[in-house]
Amino acid sequence: MSNKQIINITILVMIFLIPNYSQAVQYEITDLGVGSAKSINNSNLVVIYDSSTTESYIWDDGTLTQITRDAQFDFLEARDLNENGQVTGWMKNTSTNMYYPFRYTYSTNTTEQLYDLSSNRGIGFGINDDGVIAGWGTITNSRARYWEGSTVYDIGTMPERTYTSAQDINNNGYILGYGYELDYQYLPFIWNGSTKTILDTLSGSLTKGVRINDNNMIVGYSEDSSGDIHAVYWLGDLSIHDLNPASGTVSEATDLDSTGTQIVGYVDSQAAVWIDQVYYDLTSSLVNNTEGWTLTTATSVNDYGMIVGVGLIDNVEHAFLLTPVAIPEPLSIILFMMSILGLYKKFGN
């Protein structure tokens, strides 16, 4: 083969590989067992809730630790996890229908129940690295609350809606929440400690922010004027941006990393990731899907691009962990092909 032929082949290979580099998103999958993974932190701890046992667990490099609960409760669902291994969610006594938020600490394997047992109900939805919890509770009415230590604080009402709930809190103390009516009509807001600012919507009556990072970037979903639900994100200026990949699809964004580069969620009941706002189907991105996974929802992503969520194996729900597979960048491909050409020119005939 002549040098000219080798050069032509090299050029063709580079033409084929480089334009497709941006589409090359691949993951190895780890089965975390029956249940649904709710959150992952940068230490790769994962919170899992198993609806078949109504228990929650911490997954730590293959080891499952059950989140402890008082014997009077027969239900515990974990919802969020911070960087210090603290978890929030809710515990319930199904016979009395009383339920309470909690703060669990993995390092000591202890669970702190919030609220007094004799009154009130509540749920913790988000927890920041200081252990402050944002959620919903009843004292005299149903409103957004946050818990600092064992003390509960009322975020208050909003004129546009009768009821409020807090969904998440970042490390700057900004709380993401929403107002609602009994027929839903969600309207999202961000609270800076004194003022609630309403977020932009896609003009429908159902919009909810789900997670907020420390740059005040927010992800969630919003209904458009046709009644379709779209995955959306809000920048720090609270402007809304549509992530829905195609007309007629239903989507939701459930989490984002600290920079907003990666956003996860689902599109038409298929787990999804958006990288720099480019959409990828996660089931199609698996390197080796020998178990026949269908990934239905991605719930959380950390700053290393590791993603957790829930999928199906033989129609049984399993929690999953996705680890990104390193893919050569375009420059590496070019240098590799040039080195092959150089060796051929030096030693070839």
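One can find the structure itself at the top, above this paragraph.
Here the structure is a predicted model, which is why all the values come from computation and not from measurement. (Residues numbered from 1 in each chain as written. Predicted model: local features only at pLDDT ≥ 70, side-chain atom pairs only at ≥ 80, totals over all residues. Heavy atoms only, no water.)

**Concerning the pairing of strand β26 (residues 294-301)**
Argument step 1. Here β26 lies mainly inside the structure; 7 of its 8 residues are buried.
Argument step 2. Of the strand pairs in this sheet, β26 and strand β27 (residues 307-313) are connected by 6 bridges, and their pairing is antiparallel. Among the inter-strand pairings, S300 is bridged to a residue of β27, identified as V308.
Argument step 3. Taken together, β26 and the strand that follows it, β27, pair antiparallel across an intervening segment of 5 residues, in which G305 is found at a positive phi of about 80°. (Buried < 20%, exposed > 50% of the residue type's maximum accessible area, 1.4 Å probe, protein only. Helix = DSSP H or I, 4+ residues; strand = E, 2+ residues; numbered from the N terminus. Pairing = 2+ DSSP bridges.)

**A short note on the sheet that holds strand β20 (residues 229-234)**
Strands in a sheet are paired, the pairing made by backbone hydrogen bonds, and the direction either parallel or antiparallel.
Argument step 1. As summarised here, the arrangement of the 4 strands in space is β18-β19-β20-β21, forming an open sheet in which the pairing is antiparallel. With partners counted over all chains shown, the strands left at the sheet margins are β18 (203-212) and β21 (240-242), one partner each. Taken pair by pair, the neighbouring strands of this sheet meet at an average axis angle of 30°, ignoring direction.
Argument step 2. Both β20 and β21 contribute to a ladder of 3 bridges, which runs antiparallel. When the sheet's bridge partners are listed, Y233 is paired in β21 with H241. (Axes fitted to C-alpha atoms, helices over the stretch in contact; angles between N-to-C directions.)

**Focus: the environment of G305**
Argument step 1. Checked against the element boundaries, G305 lands in the loop between β26 and β27.
Argument step 2. With residues up to four places along the chain from it excluded, the contact list for G305 reads Y27, Q262, L322 and P324. (Contact = heavy atoms within 4.5 Å.)

**Some points on the environment of D61**
Argument step 1. Looking at where D61 falls in the secondary structure, it is placed in the loop between β4 (55-60) and β5 (63-66).
Argument step 2. Residues D61 and N44, 17 residues apart in the sequence, show an inter-C-alpha distance of 7.7 Å.

**Quick word on the sheet that holds strand β22 (residues 251-256)**
Argument step 1. Judged by pairing direction, the sheet is antiparallel, and its 4 strands sit side by side in the order β22-β23-β24-β25 without closing on themselves. The two strands at the open ends of the sheet, each matched to only one other strand, are β22 and β25 (278-281). Adjacent strand axes in the sheet meet at a mean angle of 30°, parallel and antiparallel pairs treated alike.
Argument step 2. By the bridge criterion, 5 bridges tie β22 to strand β23 (residues 262-267) in an arrangement that is antiparallel. Paired with L256 across the two strands is I263, which belongs to β23.

**A few points about the packing of aromatic side chains**
Argument step 1. In the structure shown here, the tally under the stated rule is 14 aromatic pairs.
Argument step 2. For the ring pair Y49 and F75, a centre distance of 5.8 Å and an interplane angle of 55° mean the geometry is tilted. Of the two residues, Y49 sits in strand β3 (residues 46-50) while F75 sits in strand β6 (residues 75-81), which places them 26 residues apart along the sequence. We note that Y49, like F75, is buried.
Argument step 3. Three or more aromatic residues link up through ring pairs in this structure, and these residues are Y49, F75, W90, Y99 and W136.
Argument step 4. Over the ring of F189 we find K196, and its NZ or CZ is 5.8 Å from the ring centre. (Phe/Tyr/Trp six-rings, centres within 6.5 Å; stacked < 30°, edge-to-face > 60°. Lys NZ or Arg CZ within 6 Å of the ring centre and 35° of its normal.)

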